[in-house]
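# Chains, contacts and geometry: an overview
Chain by chain, the residues:
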Amino acid sequence: MSQPFDVAEMATTYANKSPQDILKLAFAHFGDDLWISFSGAEDVVLVDMAWKLNKNVKVFSLDTGRLHPETYRFIEQVREHYKITVELVSPDNALLDPFVKEKGLFSFYRDGHGECCGIRKIEPLRRKLSTVSAWATGQRRDQSPGTRSQVAAVEVDGAFSTPERTLYKFNPLAQMSSEEVWGYIRMLELPYNSLHERGFISIGCEPCTRPVLPNQHEREGRWWWEEATQKECGLHAGNLIAKT
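As a starting point, this report considers the structure included with it. As the structure is a prediction and not an experimental result, all values here were calculated from the model. (Residues numbered from 1 in each chain as written. Predicted model: local features only at pLDDT ≥ 70, side-chain atom pairs only at ≥ 80, totals over all residues. Heavy atoms only, no water.)

Attention now moves to the pattern of salt bridges. It is possible for side chains of opposite charge to pair when their charged atoms get near one another. Scanning the entire structure with this criterion turns up 10 salt bridges. One salt bridge connects Arg79 with Glu76, and the closest N-O pair in it is separated by 2.5 Å. Of the two residues, Arg79 and Glu76 both sit in helix H4 (residues 69-82), three residues apart, roughly one turn of that helix. On the basis of relative accessibility, which here comes to 34%, the residue Arg79 falls in the partly exposed class. Under the relative-accessibility criterion, Glu76 is labelled partly exposed at 34%. In this structure, the salt-bridge partner of Asp111 is Lys103, at a minimum N-O distance of 3.6 Å. Residue classification places Asp111 among the partly exposed residues on the basis of a relative accessible area of 46%. For Lys103, a relative accessible area of 25% puts it in the partly exposed group. A single salt-bridge network, built from bridges that share partners, covers Glu42, Arg140 and Asp142. (Salt bridge = Lys/Arg side-chain N within 4 Å of Asp/Glu carboxyl O. Helix = DSSP H or I, 4+ residues; strand = E, 2+ residues; numbered from the N terminus. Buried < 20%, exposed > 50% of the residue type's maximum accessible area, 1.4 Å probe, protein only.)

Structure below.
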């Protein structure tokens, strides 16, 4: 791996670059130590672009144990389509079991989704990212204008870096719109989650995801019982909060 680069300078230089250029930068600096985060929704675009640059691309996905059956099937489709391994990262049962025993399976409807996401998503992600130097996500600025409008092409991950280790984060699709993402998927006939055909746009865990109505924003289908400002599970919220 080459020497660390000036993140602020690279963020400015690559602010208007293509997703492929951002991925080339990431691979140039981190090679096979760059991991692609695949959420089982529209991140197939990110996987496709990365795979075309590096057939040995490393991909992981968070398996919360509460995903839709369609999402599990989609993950398998992607694995077979690209002939790659998709590493599934699961919650720590030592944390999950007491939580479920005490609060049941649907406490988030009463208490908010933060605690459940912390156990099912944040802890597994932190565990995974503690073993890597850089990761790339499918975050886009248009996904959530209130919380993702300032997503940078490249940044230091303020949420998961430690004093001993800097974690670099790339967001190659930051500038892409939903329309552009779906144009890419259709043009190249990529696999996609069949839930999209039933009105689901932003897809997460089954109890926390629902279809949206015409002209509703995609994030209105996530955690609909909570305030709009809280509609982040924490995977990226740390960086976004730090910017404010």
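Additional details are given in the paragraphs that follow.
This next bit is on helix H2 (residues 19-30). Relative to the 16 Å expected for 12 residues at 1.5 Å per residue, H2 spans 16 Å between its end C-alpha atoms, a close match to the ideal helical length. All buried positions along H2 are accounted for by Pro19, Ile22, Leu23, Leu25, Ala26, Phe27, His29 and Phe30. Those residues of H2 that are buried are in contact with helix H1 (7-13), strand S1 (34-37), helix H3 (44-53), strand S4 (134-136) and strand S6 (168-170). Once H2 finishes, Gly31 follows within two positions and takes phi at roughly 50°, a positive value. (Expected span 1.5 Å × (residues − 1). Contact = heavy atoms within 4.5 Å.)

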